[in-house]
Amino acid sequence: MKKFLEGVGVLLLLAGVAGVIRELTGGWFHFMGLTRFLTENVGFLEGRELFANVVVAVFGLVLAIVGSRVGRDG
């Protein structure tokens, strides 16, 4: 479970950072837009793509941190 949480967290962190870079450069890097599928298909996120990518990156960081702490004693 520890490795799974860490792996998913790192993937989400990378996807969020890539999405932020994509949004800040005006969409130049189409291959970096993994989260654009989320932001284009969810109505209330329209116009808030940068915010959504930052949230995905922070959530990934939190998952990676939680995954690294799972199973530790005290």
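These numbers were taken from a predicted model, which means no experiment stands behind them.

## Some details on the environment of Arg 36
(1) Moving on: Note on placement: Arg 36 falls in helix H2 (residues 36-41).
(2) Moving on: On the basis of relative accessibility, which here comes to 24%, the residue Arg 36 falls in the partly exposed class.
(3) Moving on: Linking Arg 36 and Asn 53, residues 17 residues apart in sequence, is a C-alpha distance of 8.6 Å.

## Some points on helix H3 (residues 49-69)
(1) Moving on: Taking 1.5 Å of rise per residue, the 21 residues of H3 would be expected to cover 30 Å, and the 31 Å separating its terminal C-alpha atoms lies within 8% of that figure.
(2) Moving on: Residues of H3 that are buried include every one of Ala 52, Asn 53, Val 56, Ala 57, Gly 60, Leu 63, Ala 64 and Gly 67, and no others. Looking down the long axis of H3, one finds its buried residues gathered within 140 degrees of arc, a one-sided arrangement. H3 presents Phe 51 and Arg 69 as exposed residues on the side facing more than 90 degrees away from its buried surface.

## What to know about helix H1 (residues 2-24)
(1) Moving on: A rise of 1.5 Å per residue sets the reference length of H1, with its 23 residues, at 33 Å; its end C-alpha atoms lie 33 Å apart and thus fit the reference within 8%.
(2) Moving on: As for H1, its buried residues are in contact with H2 and H3.
(3) Moving on: Backbone geometry just downstream of H1 places Gly 26 in the positive-phi region, at approximately 80 degrees.

Conventions used here
Residues numbered from 1 in each chain as written. Predicted model: local features only at pLDDT ≥ 70, side-chain atom pairs only at ≥ 80, totals over all residues. Heavy atoms only, no water. Helix = DSSP H or I, 4+ residues; strand = E, 2+ residues; numbered from the N terminus. Buried < 20%, exposed > 50% of the residue type's maximum accessible area, 1.4 Å probe, protein only. Expected span 1.5 Å × (residues − 1). Arc of directions from axis to C-beta. Contact = heavy atoms within 4.5 Å.

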